[in-house]
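Structural features, examined
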Amino acid sequence: MPDLKSALSSFCTGVAVVTARGSDGHPVGMAVQSFSSVSLDPPLVCFCPARTSTTWPRIRAAGAFAVNILAEDQRELCRRFAVTGGDKFAGVPWRAGGNGAPLLDGVLATVECALEGVLDGGDHVIALGRVTGLTAHRPAEPPLLYFRRAYGRLPSSSMSESMAAARSRSEA
Ligand SMILES: Cc1cc2nc3c(=O)[nH]c(=O)nc-3n(C[C@H](O)[C@H](O)[C@H](O)COP(=O)(O)O)c2cc1C
């Protein structure tokens, strides 16, 4: 029988960088694959930071954050935000969103949130966010994927299908 980590790695996800403005004014951020939509009405999303994360307490203290959904060409950016310590934002272009959290250049979309609640999640916590702002920057670009502990991308054929479906939805 495979172990839990290995079984769960079969669930393919996108990747996001959750950012906030620390109390000292410095931007903070961490890569997550645990981002998920929760509710449309009210608009709620969640992500699950590990209790060992050094960035999470700073996001929690800020009370507001942004979810930056990464594009396929942003693997290096993801790697940079998946390590502890160092200046993760050195040389990374960003601007402040309406809630003050950093919105990273070149991402597919950003979801700005107010921290609505924090639930127990074992060795992680479940951070619930109420959506306060949305931006779609590169709706036609493919997302960065994470599957079996490796980065991946959608085959271009399936990307064309999803773009065609998006076009027909917008024309309907
Ligand atoms: C693709 C990918 C997905 C990740 N998803 C999560 C996640 O959902 N929750 C989490 O706590 N850490 C996740 N991590 C690890 C964190 O990014 C990393 O532990 C964190 O940035 C460490 O820095 P910190 O101590 O500044 O929090 C992920 C890493 C990668 C590469």
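Structural notes, computed from the coordinates. (Residues numbered from 1 in each chain as written. Predicted model: local features only at pLDDT ≥ 70, side-chain atom pairs only at ≥ 80, totals over all residues.)

1. Describing the overall build of the chain
- A count of helices and strands for the chain gives four helices and 12 strands.
- In summary, the chain has a C-alpha radius of gyration of 16 Å against a globular reference of 16 Å for 172 residues, a match within 12%.
- The buried share of the chain, taken over its 172 residues, is 29%.
- Relative to all contacts within the chain whose residues are 6 or more apart in sequence, the contacts with residues 24 or more apart total 65%. (Helix = DSSP H or I, 4+ residues; strand = E, 2+ residues; numbered from the N terminus. Rg over C-alpha atoms; globule rule 2.2 N^0.38 Å. Buried ≥ 20, exposed ≤ 12 C-beta atoms within 10 Å, placed from the backbone. Contact = placed C-beta atoms within 7 Å.)

2. What to know about the site of the ligand
- Lining the immediate surroundings of the ligand are 17 residues, of which Ser34, Ser53, Thr54, Thr55 and Thr84 lie closest.
- Residue contributions to the shell around the ligand peak at three residues, all from strand β3 (residues 27-32). (Near = placed C-beta within 6 Å.)

3. Things to note about the nonpolar core
- Core analysis: the largest hydrophobic core is formed by 34 residues, its most contacted members being Ala16, Val17, Val18, Phe65, Val67 and Leu70.
- Listing elements by their share of this core, those giving two or more residues are β2 (16-21), β3, β5 (44-47), α2 (56-62), β6 (64-69), β8 (102-104) and β9 (109-121).
- Sequence-distant contacts of Leu70, defined by excluding residues within four places in its chain, comprise Val15, Ala16, Val17, Leu77, Cys78, Val107, Leu108, Pro143 and Leu144. (Core = buried A, V, L, I, M, F, W, Y, C linked by C-beta atoms within 7 Å.)

4. Digging into the sheet that holds β3
- Spatially, the seven strands line up as an open sheet ordered β3-β2-β6-β9-β10-β5-β4, and their pairing is antiparallel. At either end of the open sheet lies a strand with only one pairing partner, and these are β3 and β4 (36-39). Between one strand axis and the next, the sheet turns by 35 degrees as a mean value, whatever way the strands run. (Pairing = 2+ DSSP bridges. Axes fitted to C-alpha atoms, helices over the stretch in contact; angles between N-to-C directions.)

5. Some thoughts on unusual backbone geometry
- With omega at 5 degrees, the peptide bond leading from Asp41 into Pro42 counts as cis.
- Tracing the chain through its elements places Pro42 in the loop between β4 and β5.
- In the Ramachandran plot, Arg149 falls in the positive-phi region, its phi being about 65 degrees despite a non-glycine side chain.
- Within the secondary structure, Arg149 sits in the loop between β11 (145-147) and β12 (150-152).

By themselves these figures say nothing about function.
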